[in-house]
Protein chains: 2
Amino acid sequence: MNIVVASSGGPTSAINSSIAGVYLEATKHSNINKIYGALNGIEGILENRLVDLREQLGSGEDIDLLRLTPSTVLGSCRYKLPKVEDDVSVYEEIISHFKEYDIGAFFYIGGNDSMDTVCKLSRYMSQNNIDIKAIGIPKTIDNDLMYTDHTPGFGSAAKYVAATIKEITRDSMVYSAKSVTIVEIMGRYAGWLAASSCVLRERGETAPHLIYLPEVPFSTEKFVEDIKAKQKEHKAVIVAVSEGIKAEEGCYVAECYQSGENDAFGHKYLSGVGKMLEDLVKKEIGCKVRSIELNVMQRCSSHIASKTDIDEAESIGSNAVLAALNGDTGKMMVFDRISDNPYRMEIKTVDVGGVANHVKYFPIEWINEEKNNIKDEAIQYFLPLIQGELSIKMDKGMPVHFRIKNI
Amino acid sequence: MNIVVASSGGPTSAINSSIAGVYLEATKHSNINKIYGALNGIEGILENRLVDLREQLGSGEDIDLLRLTPSTVLGSCRYKLPKVEDDVSVYEEIISHFKEYDIGAFFYIGGNDSMDTVCKLSRYMSQNNIDIKAIGIPKTIDNDLMYTDHTPGFGSAAKYVAATIKEITRDSMVYSAKSVTIVEIMGRYAGWLAASSCVLRERGETAPHLIYLPEVPFSTEKFVEDIKAKQKEHKAVIVAVSEGIKAEEGCYVAECYQSGENDAFGHKYLSGVGKMLEDLVKKEIGCKVRSIELNVMQRCSSHIASKTDIDEAESIGSNAVLAALNGDTGKMMVFDRISDNPYRMEIKTVDVGGVANHVKYFPIEWINEEKNNIKDEAIQYFLPLIQGELSIKMDKGMPVHFRIKNI
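Everything quoted here is computed from the prediction, not taken from an experiment.

Asks: Tell me about the overall build of chain A, and please be specific about residues and values.
Replies: Summing up its helical and strand segments, chain A has 13 helices and 13 strands in all. Principal-axis analysis of the C-alpha atoms gives chain A an extent of 65 × 50 × 40 Å. Considering chain A as a whole, with its 407 residues, one finds that 64% of them fall into the buried category. Looking at chain A alone, contacts between residues at least 24 apart form 76% of all its contacts between residues at least 6 apart. Carbon and sulfur atoms provide 46% of the accessible area of chain A, an area that totals close to 14500 Å². Separation between the mean location of the 45 positive side-chain charges and that of the 57 negative ones in chain A comes to 4 Å.

Asks: Lay out empty space enclosed by the protein in plain terms, naming residues and giving numbers.
Replies: Residue and element names in this part refer to chain B. Scanning the model with the defined rule gives three cavities of 30 Å³ or more in all. What the largest cavity holds in volume is close to 140 Å³. Together, 15 residues line the largest cavity, and Ser 172, Ser 179, Thr 181, Lys 288 and Arg 290 are the ones closest to its centre. Of all the elements in the fold, those that place two or more residues in the lining of the largest cavity are helix 7 (154–172), strand 6 (179–185) and strand 9 (288–293).

Asks: Quick one: what's the story with the nonpolar core, residue by residue and with numbers?
Replies: Formed by 89 residues in total, the largest nonpolar core has its most connected members in Phe 382 of chain A together with Phe 362 and Phe 382 of chain B. Setting aside residues no more than four positions away along its own chain, Phe 362 of chain B makes contact with Gly 191, Trp 192, Ala 195, Leu 213, Glu 215, Ile 367, Ile 374, Ala 378 and Phe 382 of chain B.

Asks: Which residues make up the sheet that holds strand 8 (residues 236–242) of chain A, and what values go with them?
Replies: All names here are of chain A. The strand order 7-8-6-9 describes an open sheet built from four strands, whose pairing is parallel. Two strands lie at the open edges of the sheet, namely strand 7 (210–212) and strand 9 (288–293), each paired on one side alone. Taking the axes of each pair of neighbouring strands and ignoring which way they run, one obtains an average angle of 15 degrees across the sheet. Contacting strand 6 (179–185), strand 8 and strand 9, helix 7 (residues 154–172) crosses the sheet at an angle of about 165 degrees to strand 6.

Asks: Got a sec to walk through the pattern of salt bridges? Specific residues and values, please.
Replies: All names here are of chain B. Across all of its chains, the model carries 56 salt bridges over all chains by this definition. With a shortest N-O distance of 3.9 Å, Glu 43 and Arg 49 are connected by a salt bridge. A relative accessible area of 19% means that Glu 43 is categorised as buried. One salt bridge in this structure joins Lys 275 and Glu 278, with 3.4 Å as the shortest N-O distance. Of this pair, Lys 275 and Glu 278 both sit in helix 10 (residues 273–284), separated by three residues, roughly a single helical turn. The class of Glu 278 is buried, set by a relative accessible area of 8%.

Asks: Lay out a nonpolar patch on the surface in plain terms, naming residues and giving numbers.
Replies: Residues and elements named next belong to chain A. Together, Met 1, Leu 322 and Leu 325 line one region of the surface with nonpolar side chains, adding up to about 210 Å² of accessible area. Residue position: Leu 322 is located in helix 12 (residues 307–325). For Leu 322, a relative accessible area of 37% translates into the label partly exposed.

Asks: So, the interface of chain A and chain B: which residues are in play, and what are the values?
Replies: Taken together, the contact between chain A and chain B spans 66 residues of the former and 66 residues of the latter. Regarding the contact of chain A and chain B, the summed buried area is about 5300 Å², with carbon and sulfur atoms giving 55% of it. With a closest N to O distance of 2.6 Å, Asp 395 of chain A and Arg 203 of chain B form a salt bridge. Viewed at the interface, chain B and chain A are joined by 37 residue pairs in polar contact (both at pLDDT 80 or more). If one sorts the elements of the side of chain A that touches chain B by residue count, helix 7 of chain A sits on top with ten residues. Taken together, the residues of the side of chain A that touches chain B break down into 25 nonpolar, 20 polar and 21 charged.

Asks: Could you give me a rundown of the relation of the copies chain A and chain B, with the residues and numbers involved?
Replies: When chain A is fitted to chain B, the residual RMSD is 0.0 Å, and the transformation amounts to a turn of 180 degrees plus an axial shift of 0.0 Å. Such values leave the two copies arranged in the relation of a two-fold axis. Distance from the rotation axis, computed per C-alpha, reaches its smallest value in chain A at Glu 293 of chain A: 3.7 Å. A shared interface surface links the copies, since 100% of the contact residues of chain A are contact residues in chain B too.

Asks: Which residues make up helix 6 (residues 112–127) of chain B, and what values go with them?
Replies: Residue and element names in this part refer to chain B. Under the 1.5 Å per step criterion, the end-to-end length of helix 6 is 23 Å for 16 residues, consistent within 8% with the ideal 22 Å. Most of helix 6 sits out of view: 13 of its 16 residues are buried. With its phi angle positive at about 50 degrees, Asn 129 sits one or two positions after the end of helix 6.

Asks: How would you sum up the sheet that holds strand 10 (residues 331–340) of chain B? Please name residues and give values.
Replies: Residue and element names in this part refer to chain B. With respect to topology, seven strands assemble into an open sheet ordered 3-2-1-4-5-10-11, the strand pairing being mixed. Looking along the sheet, the strands with just one partner apiece sit at the ends: strand 3 (50–52) and strand 11 (343–351). Neighbour-to-neighbour, the strand axes of this sheet turn through a mean angle of 30 degrees, independent of strand direction. When strand 1 (residues 2–7) meets strand 2 (residues 35–38), the two strands line up parallel, connected through three bridges.

Asks: How would you summarise the environment of Lys 80 of chain A if you had to cite specific residues and measurements?
Replies: All names here are of chain A. Within the secondary structure, Lys 80 sits in the loop between helix 4 (60–67) and helix 5 (88–100). For Lys 80, a relative accessible area of 40% translates into the label partly exposed. Considered as a pair, Lys 80 and Asp 116 are 36 residues apart in the sequence and their alpha carbons are 8.4 Å apart.

Asks: Kindly report on the side chain of Ser 17 of chain B, identifying the contributing residues and their values.
Replies: All names here are of chain B. In this structure, Ser 17 sits in helix 1 (residues 15–26). Using a relative accessible area of 0% as the deciding quantity, one classes Ser 17 as buried. With residues up to four places along the chain from it excluded, the contact list for Ser 17 reads Arg 67, Ile 310, Ala 313 and Glu 314.

Asks: Outline helix 7 of chain B, supporting the account with residue identities and numerical values.
Replies: For helix 7 of chain B, with 19 residues, the first-to-last C-alpha span of 26 Å sits near the 27 Å given by 1.5 Å per residue. Counting buried residues along helix 7 of chain B, 19 of its 19 residues qualify, which places the element largely inside the surrounding structure.

Asks: Hey, could you go over the pairing of strand 4 (residues 103–110) of chain A for me, with residue numbers and the actual values?
Replies: Along any regular strand the residues' side chains alternate between the sheet's two faces. Residue and element names in this part refer to chain A. Counted residue by residue, strand 4 has eight buried out of eight residues, so it is predominantly covered. Sheet analysis places strand 4 next to strand 5 (residues 133–138), joined by six bridges and oriented parallel. Bridging from a neighbouring strand, Ala 105 pairs with Lys 133 of strand 5. This β-α-β element, strand 4 to helix 6 (residues 112–127) to strand 5, shows right-handed connectivity.

Asks: Describe in detail the packing of helix 1 (residues 15–27) of chain A against helix 4 of chain A, supporting the description with residues and values.
Replies: The geometry of helix 1 of chain A relative to helix 4 of chain A is characterised by a closest axis approach of 7 Å and an angle of 145 degrees between their N-to-C directions. Between helix 1 of chain A and helix 4 of chain A, the contacting residues are Asn 16, Ser 17, Ile 19, Ala 20, Tyr 23 and Leu 24 of chain A on the first element and Ile 63, Leu 66 and Arg 67 of chain A on the second.

Asks: Lay out the pairing of strand 2 of chain B in plain terms, naming residues and giving numbers.
Replies: Residues and elements named next belong to chain B. Side chains Ile 35 and Gly 37 project from strand 2 onto one buried face, and the interleaved Tyr 36 and Ala 38 project onto a second face that is buried too. Once the chain exits strand 1 it traverses helix 1 before rejoining the sheet at strand 2, and the crossover so formed is right-handed. Two elements, strand 2 and strand 3, share three bridges in a ladder whose sense is antiparallel. Residue pairing across strands places Tyr 36 opposite Asp 52, the latter belonging to strand 3.

Basis of the calculations
Residues numbered from 1 in each chain as written. Chains lettered and ligands numbered in written order. Predicted model: local features only at pLDDT ≥ 70, side-chain atom pairs only at ≥ 80, totals over all residues. Heavy atoms only, no water. Helix = DSSP H or I, 4+ residues; strand = E, 2+ residues; numbered from the N terminus. Buried < 20%, exposed > 50% of the residue type's maximum accessible area, 1.4 Å probe, protein only. Contact = heavy atoms within 4.5 Å. Areas by Shrake-Rupley, 256 points an atom, 1.4 Å probe, with all protein chains shown as cover. Lys, Arg positive; Asp, Glu negative; His and termini not counted. Charge placed at Lys NZ, Arg CZ, Asp CG, Glu CD. 1 Å grid on protein atoms, 1.4 Å probe; cavity = no way out; pocket = protein on both sides within 12 Å on 5 of 7 lines; lining within 4 Å. Points joined across faces, edges and corners; volume = space filled by probe spheres on them. Core = buried A, V, L, I, M, F, W, Y, C linked by side-chain atoms within 4.5 Å. Pairing = 2+ DSSP bridges. Axes fitted to C-alpha atoms, helices over the stretch in contact; angles between N-to-C directions. Salt bridge = Lys/Arg side-chain N within 4 Å of Asp/Glu carboxyl O. Patch = residues over 30% accessible without salt bridge, like charges linked within 9 Å, V, L, I, M, F, W, Y side chains within 5 Å. Buried area = accessible area lost by both parts, 1.4 Å probe. Polar contact = N/O pair within 3.5 Å; in protein donor to acceptor, adjacent residues only side chain to side chain. Nonpolar A, V, L, I, M, F, W, Y, C, P; charged D, E, K, R; others polar. Least-squares fit on C-alpha atoms with pLDDT ≥ 70 in both. Expected span 1.5 Å × (residues − 1). Right-handed = clockwise from strand over helix to strand, strands pointing away.

Honestly, it's all geometry; don't read function into it.
If you want it as structure tokens, here you go:
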């Protein structure tokens, strides 16, 4: 049989490592012939845009490069599979492409929405006695997938956020005048990534002095009070804020700065909560203030990836192949944490149906009483995920990336 | 005699390496007793906030950490020295502090405005037969100081910009739909840093497909045309734009997004040109578009500093001490490039009066005819400055920084 791997949703620094894991594991099994990569997720399946990964990944050097290339070399999509009762033809079309390429297993690397695709597709195939396995491999810097201790891609994003806020803190402390620096961090529904910045305390930083997450309602009045209180202790106040913070009424705080556009899944594009809070501080407090959006650098800064994350992303990809060979389908691979210190992790499977269209929120019990910072208990959760550095290949002073050839 | 070093203006990743250079050189000369660091530049001199660097920098390990700590451990200021004819008392006050601490030489690490301070102060001291040397040590990520081939801090900023735009390019290419990504880069008056992103071509990238600098007038109509033309060749168009681009009329393109506030030197705070162009593309072209402000990460991402830059920053600090011991005053240290390949550089001095309040613009002859990209000739200028990586000290997965103790 042949297999196909594809990726979907927003990029991370660890997707390519999962692709490497699928590839490397597959090469060990003589019953797997072709190892295909579909370009742009399900779109590539539907449009016959498949590449032969044995041709693409010739050498060990290629694999090493692939593991440390940000984003996904296979491309991505935001394709939403209709309900089977609304349009069965798409399902039939996908299956006909699978059969054309003699696909025995389909591996889909993605987040919430991608697991929805794996769920619908595997259910359709099971109901119709089509023996093609569909396995979901988690990835999201948001860390908001159910039933897994954490998601591949999150550790590298968290490491970038920690290092960058630490550097921003040095930058912000240079002047003798009072200042406020607001760092806007990705996290549409869940505040894991903004919360992870609390790890800086482990190395003696007091920053971020305030951390705001979407999990608790945000009040602009309380925010201004919080800043004023922190200014009594710190000349340069550093604030970490999730893009998705919501007001009491349930609407996004950044709403007035939004374009109002939605993506294919009905999500609102968010941006500008940092800028909005900057304006608020300027108006209400009047001190020097700056907002910084960490933007896509959070998810693509492979040059400071977490070794733990990149290694785990490969392992979970590899285990996905073993699961399919073991007869699993309609499953998502998950991490199960055995212990924090020493850090021990096992890889298991769960039914993908429980994952799709659910959000794993940051635990309320790890948020302080004032709802403006993270408790120390969370540090031991985050810390293992950002450990280890990788030696990236540089040429002429710039990182080298792997790219799919001839497309 | 004793000496004092201080820093002023915006932070960079290389200032601390120049402090290390001043310190290490000074320790070699038995006629130099105390090596002071003044906190917050001239403010620290006026307020007796001096630290003894021999106490602070005990070990070789401290020096190694210092060299790779972003920003400036001595803090900075935006203090503008009045003209001597307007207010001589400040000059008298500074001199009295210098005498109190038996200062024989003052080293000021800074950009344009700091060189203005060195110029005024050294002129006043010479005219009044006060034998205290004042030497300027250049630093700015803007690379816009006269008479020096380049400035310490620029190489590390350029390396960050190149690596980051390369990673952003991978991130931007994942979807099959057309998209435009606008990267806003620092550079108030001169476009050196945005221009430096052309080095990516040396490693086979086509991005950035368009580069806009303050040196040539910017037209929003031409910009939209440029984007449309590039979209015929590239699915994901990547644009690098200086924050300081100006319209034909001479006003900043970002003006409508500005707060209108000025800093102590009368500079306008700029931000938002990327956002403005994002809105323009959305309105005029209607494709997926994102703007990314590289913000302070350009100047504080020590974790991806250029070894060449950090080493040179130390050398120029060291040479400043030698210049003062040689009797120089009212000078700025400069780099004189002997050759591009092999890269060879000499350190010399120039009269600081020729540097202060002037701007070295990016050469028009290195801008293409269409005024929307950089010619290949510039690559050989930029490339040596971003070479080499440094092994930064990490602990618990995060960079370790040096900090001044007990203040």
